[in-house]
Amino acid sequence: MSEALRPASAARLAARALWRDLRAGELRLLLVAVTLAVAALTSVGFFADRLQGALARDALQLLGGDVVIASDNPTPQPFIEQARTLGLRHASTLNFPTMARASDARGGASRLVALKSVEPGYPLRGRVQVASGPAAPGQATDDIPAPGQVWVDAPLLAALGLSMGDALLLGDAQFAIARVITLEPDRGAGFMAFAPRVMLNAQDLPTTGLVQPASRITWRFAVAGEARAAQRYADWATAQAARPEVRGLRVESIDSGQPEMRQTLERAQKFLNLVALLSALLSAVAVALAARSFAQRHLDSAALLRVLGAPQRRIAWAYALEFLSVGLLASVAGVLLGHAIHHVFVLLLADLLTADLPAATLWPAALGLGVGAALLLAFGLPPVLQLARVPPLRVLRRDLAGPRPASLLVLGVGVLGFAALLLLVAGDARLGLIAVGGFAGAALLFALLAWAVLRLLPRLVPDAAPRWLVLATRQIGARPAQAVAQIASLSVGLLALVLLVLLRTDLIASWQRATPAHAPNRFVINILPEQAQDFRARLAAAGVQDYDWYPMFRGRLVAINGREVRLQDYADERARRLVDREFNLSHAAAAPAHNRIAAGQWQADEPGAVSVEDGIAKTLGLKLGDLLRFDIAGVASQARITSLRRVDWGSMRANFFVLYPLAEMPDVPLTYLAAYRAPDDPAFDNALVHDFPNITNVDMGATLAQVQGVLTQVVRAVEFLFLFTLAAGLVVLFAAVAGTREERARELAIMRALGASARLLRQVQRAELAGIGLLAGLLASGVALAVGWLLARYVFEFAWTAPWWVPLAGALAGALLALAAGWWALREVLRRPVMQTLRAASA
């Protein structure tokens, strides 16, 4: 091997070039872009890795056993007998929302709670921790509440003004508060997990009278024991649950279980992954632009190396080593920054995490280094490698050998590798494909629209227009390929920024406005038929009017058009969940005023008829005329769909999937539901629960505040990560403008040599930048509005009217950002001596 081809020679050349380019700032954009992408991805990666480690460590405790049978009816006896046959320990719990209240002597305040009845042996895995008072430290215990006693969360004591030993009233019974719960290992983080917990002995549950026909109770039958026996039980239970006659039952285990906390955090993680992917994709655009600019500026030095005898292979090795070094340096910085940032996510989501997270593994760091290398290899290296092909004659003739198109093989392999890494980071094939494919589609759309506008530009600006405008238009039209690339790049960056604003302001504000101010803020369920008259009289005495009042009973859909409903007939997960549970059904002679009949006809007191909400009809594939059979408390009820209703779920009114158009249904066991706007007097709720102790009074104001509190935490984490998207978008803007700096310098130098004034040239430059930014902002805003509408319609599911000013604001913002980026990137162009620029151009 000759001296010129030895790797050591290429390494020394790469080291000198790297030091020189770093000092000159030639690689600054590349470093920033790669660092941002790696930091965004690894911050989410470290958080997800620690979260998965905690879930794997605490999986059995989160379940409360090795296998759990969860159902909305009492656990079938065969499941209990099978556990006994296999010698497994077992324990049952019941969970449901209800009202707890203080005694009249202690003020009579009431509060929605998550009631849980337990039996000896609970929990089978993990241990409950309790304290003797709200301020006392928690200690692990193997006991459960004694008969006549309850354990409660500390916030409930403050809410009801109670102390240890005081009486807590639940339904028809009262209990002494004996302990404060500090840790409940199998609690999860679903909707009712945010209400204060009340735990009582299973022997005491019948005395409360709270279990009613329409109560939303979840039975959980947990088993634990030897691993092989537990696996045999899990396999048997899974097979039994798949049988058509077994309904409303699911099997949860380490492998198949989906505790609520896991679901909540997975949703947050997917949202964070989406934002991180957007940051990485924007960074890829910035890297491609910066690498092209780098290659343009090094054409002369590459040609000089060829004149001095350096072969193409040595030059290629040198630039490849330089870029790999830059990628490694930026990736390491990004990994360190991402590790520091993921602690912010842990703090922002602290209320959702009930356990200490273990230390992260090295996998996110390795993935970050891989992403950094892939960014440089896919988008940075191809244009730079073309420098090795610059002919030596370019030293004498500057018009020769601009950068040639990159090798399709190198570019294709690099892009495919980067896309594969992003799909791996996404953790969800659909999410990754939508993000990567949508990004590529948007870039292509922007390029096509920009090309079409450039073709029309000469017709839009006549020769009689101001001189600076005509010159700016001609300059843009003189390099159409560069203008299209620049507009498309700017549009992609601005798209992310406009989407950020829409998501954070208009869409969230529209979601908040979806609930009208006069909407009901109380939902009362479990009103017994014999209490109905007195309850409605109490509402009338308090001045409550125009409230919703419906009977409610539960039924399971068992057949459609004579064919039994089977889970395996539905591929959609939501459809499977719907047919695997009991529906809350109701009846009324008149159609609800807040429902619109979308198809068919509602006929009062029509026998054998039902009205179905059109959304669930589409999900289950139902249509007018279909014959449905429900199992209502063991009694078959068959009816034909005669109308479909359009329900506004954001109205906060009482709504049902299925309604019978009948004034009376005397043969079904039912309770009543009331939805109303409560009086401002807080004593009204307490008195209502006092006089009707079996009811469940759901304060939707407090409930929504609890749910929004969790949403706020997730939004804060996403907003924090959006800073990376914002930074990446700004880098794209700067790179897109800076990439044409030398071409602009030569053009302006020629015009100055021909007598153009500095004032005119500044006007031309500003007009060109503002025009490109204006067009990019307009295109980006249009696409952002379309994406925003899709999100509102198909993700958030509310009506959203696009603000009319968004395209105007987007275009203006694009022009201002392009002007700002141009001022920073091109601030020294007009100050260069004309002779210096022309000599450099002709040298």
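Residues numbered from 1 in each chain as written. Predicted model: local features only at pLDDT ≥ 70, side-chain atom pairs only at ≥ 80, totals over all residues. Heavy atoms only, no water.

1. A short note on the overall build of the chain
As a reminder, the rule being used: Runs of H or I in DSSP of at least four residues are treated as helices and runs of E of at least two as strands, each being numbered from the N terminus. The method behind every accessible area is Shrake-Rupley, applied with a 1.4 Å probe, and residues are considered shielded solely by the protein chains displayed.
Along the backbone of the chain there are 24 helices and 22 strands. Carbon and sulfur atoms make up 60% of the accessible area of the chain, which amounts to about 38100 Å² in all.

2. Details of the side chain of Ser 117
Condition: The contact criterion used throughout is that any non-hydrogen atoms of two residues lie within 4.5 Å.
Within the element layout of this structure, Ser 117 appears in strand S3 (residues 110-118). Residue contacts for Ser 117: discarding those within four places in its chain leaves Ser 92, Thr 93, Leu 94, Leu 200, Ala 202 and Leu 205.

3. Here we look at the environment of Val 198
Counted only if it meets this: Think of it in three bands: with a 1.4 Å probe and only protein chains considered, a residue is buried below 20% of the maximum accessible area for its type, exposed above 50%, and partly exposed in between.
With respect to the secondary-structure elements, Val 198 resides in strand S9 (residues 197-201). We classify Val 198 as buried; its relative accessible area is 0%. Once residues lying within four places of it in the same chain are set aside, the contact partners of Val 198 are Val 113, Ala 114, Leu 115, Lys 116, Val 150, Trp 151, Val 152, Leu 156, Leu 168 and Leu 170.

4. A look at helix H19 (residues 683-691)
If you check which residues of H19 are buried, you get Phe 684, Asp 685, Asn 686, Leu 688 and Val 689. As for H19, its buried residues are in contact with strand S2 (89-102), S3, strand S12 (522-527), helix H16 (532-541), strand S21 (671-676) and strand S22 (696-699).

5. What to know about the pairing of strand S10 (residues 218-224)
Which entries qualify depends on this criterion: The pairing criterion for strands is at least two bridges between them, as found by DSSP.
Among the seven residues that make up S10, six are buried, leaving the element largely enclosed by the rest of the structure. Of the strand pairs in this sheet, strand S1 (residues 67-71) and S10 are connected by five bridges, and their pairing is antiparallel. Across the sheet, the residue bridging to Ile 69 is Phe 221, located in S10. Strand direction decides the pairing type here: S2 and S10, joined by seven bridges, are antiparallel. Looking at S10, one finds that Leu 94 is bridged to Trp 219.

6. Quick notes on the environment of Leu 18
Inspection of the secondary structure puts Leu 18 in helix H1 (residues 7-24). Relative accessible area serves as the criterion here: at 18%, Leu 18 is assigned to the buried category. In sequence terms Leu 18 and Val 326 are 308 residues apart; their C-alpha atoms lie 8.0 Å from each other. If we ignore the near neighbours within four places in the chain, the residues touching Leu 18 are Leu 27, Glu 322, Ser 325 and Val 326.

7. Some points on the packing of helix H4 (residues 77-85) against helix H7 (residues 227-241)
Put simply, the rule is: All axes are obtained by fitting lines to C-alpha atoms, using only the stretch in contact for helices, and the reported angles, taken between N-to-C directions, cover 0 to 180 degrees. By definition in this entry, angles of less than 35 degrees are roughly parallel, angles greater than 145 are roughly antiparallel, angles of 65 to 115 are roughly perpendicular, and the rest are oblique. Handedness of a helix crossing follows the sense of rotation of the near helix relative to the far helix, less than a right angle counterclockwise being left-handed and clockwise being right-handed. Basically, the charged four are Asp, Glu, Lys and Arg, the nonpolar ten are Ala, Val, Leu, Ile, Met, Phe, Trp, Tyr, Cys and Pro, and anything else, Gly included, counts as polar.
Where H4 contacts H7, the two axes come as close as 11 Å, and the packing angle between them is 165°. It follows that H4 is roughly antiparallel to H7 by the angle criterion. The handedness of the crossing between H4 and H7 is right-handed. In contact with Pro 78, Phe 79, Gln 82 and Ala 83 of H4, H7 contributes Tyr 233, Trp 236, Ala 237 and Gln 240. When the residues that make up the contact of H4 with H7 are grouped by side-chain class, the tally is six nonpolar, two polar and no charged.

8. Looking at the packing of H16 against H19
Packing of H16 against H19 leaves a shortest axis separation of 12 Å and a crossing angle of 165°. By the angle class used here, H16 and H19 are roughly antiparallel. Here the hand of the crossing between H16 and H19 comes out right-handed. Residues Phe 535, Arg 538 and Leu 539 of H16 lie in contact with H19, whose contacting residues are Phe 684, Ala 687, Leu 688 and Asp 691. Residues of the contact of H16 with H19, tallied by class, amount to five nonpolar, no polar and two charged.

9. Examining a nonpolar patch on the surface
The test is simple: By definition, no residue in a patch forms a salt bridge, and every one has over 30% relative accessible area; like charges are joined within 9 Å, nonpolar side chains (Val, Leu, Ile, Met, Phe, Trp, Tyr) within 5 Å. Here, a salt bridge means any side-chain nitrogen of Lys or Arg that lies within 4 Å of a carboxyl oxygen of Asp or Glu.
Taken together, Leu 328, Val 332, Leu 336 and Leu 369 make up a surface patch of nonpolar side chains, about 360 Å² in accessible area. Top contributing element to the nonpolar patch by residue count: helix H10 (residues 312-348), with three residues. Looking at Leu 328, the relative accessible area reads 51%, which means it is exposed.

10. With respect to the confidence of the model for the chain
For clarity, the cut-off: Residue-level confidence of the predictor, termed pLDDT, takes values from 0 up to 100.
Averaged over all residues, the pLDDT of the chain equals 78, while 74% of them reach at least 70. Every residue in residues 1-8 is under pLDDT 50, and counting partners more than four places away or in other chains gives eight contacts. Contacts for the low-pLDDT stretch residues 256-261, under 50 throughout, to residues beyond four places or in other chains number 15 contacts.

11. Side note on the environment of Gly 327
Mapping Gly 327 onto the fold places it in helix H10. Exposure remark for Gly 327: the relative accessible area of 3% places this residue in the buried category. Spatially, the C-alpha atom of Gly 327 lies 8.3 Å from that of Leu 30, the residues being 297 residues apart in sequence. If we skip the residues at most four places from it in the chain, Gly 327 touches Val 34 and Leu 376.

12. What about the pattern of salt bridges?
This structure, assessed with the given rule, holds 14 salt bridges. A salt bridge links Asp 66 to Arg 125, with the shortest nitrogen-to-oxygen separation between them at 2.8 Å. Placement of Asp 66 in the loop between helix H3 (59-63) and S1 and of Arg 125 in the loop between S3 and strand S4 (128-131) is noted, with a sequence separation of 59 residues between them. Here Arg 125 falls in the partly exposed class, since its relative accessible area comes to 24%. Asp 166 is the partner of Arg 106 in a salt bridge, and the nearest nitrogen-oxygen pair spans 2.4 Å.

13. Looking at H16
Our working rule: Of all possible arcs, the one meant is that of the directions from the helix axis to the C-beta atoms.
When we look at burial in H16, the residues that qualify are Ala 532, Phe 535 and Leu 539. Considered in projection along H16, the buried side chains sweep an arc of 70° and stay on one side of the axis. Across H16 from its buried face, at more than 90 degrees, point the exposed residues Gln 533, Ala 540 and Ala 541. Residues of H16 that are buried sit in contact with S12, strand S13 (548-560), S21 and H19. Positive backbone phi, approximately 85°, marks Gly 543, located one or two places after H16.

14. Some details on the nonpolar core
Quick note on the threshold: As used in this record, nonpolar core signifies buried Ala, Val, Leu, Ile, Met, Phe, Trp, Tyr and Cys residues forming a set joined through side-chain atoms within 4.5 Å.
Leu 27, Leu 30, Val 34, Phe 323, Phe 446, Ile 487 and Leu 495 are the most contacted members of the largest nonpolar core, which has 84 residues in total. For Leu 495, the contacting residues outside a window of four places in its chain are Ala 442, Phe 446, Ala 780, Val 783 and Ala 784.

15. Considerations on the packing of aromatic side chains
Let me state the cut-off plainly: Aromatic rings from Phe, Tyr and Trp, with only the six-membered ring used for Trp, were paired whenever their centres fell within 6.5 Å, and each pair was classed as stacked if the ring planes differed by under 30 degrees, edge-to-face if by over 60, and tilted otherwise.
Taken as a whole and judged by the stated rule, the model has ten aromatic pairs. Centre to centre, the rings of Phe 553 and Tyr 660 are 6.2 Å apart; their planes meet at 40°, and the pair counts as tilted. A residue pair is termed long-range when its members are at least 10 positions apart, and Phe 553 in strand S13 and Tyr 660 in strand S20 (residues 658-660) qualify at 107 residues. As far as the burial class goes, Phe 553 and Tyr 660 line up, both buried. Measuring from ring centre to ring centre gives 6.5 Å for Tyr 676 and Phe 684, while their planes differ by 85°; the resulting arrangement is edge-to-face. An identical accessibility class is assigned to Tyr 676 and Phe 684; each is buried. Three or more aromatic residues joined by ring pairs make a cluster, and in this case those are Phe 535, Trp 549, Tyr 672 and Phe 692.

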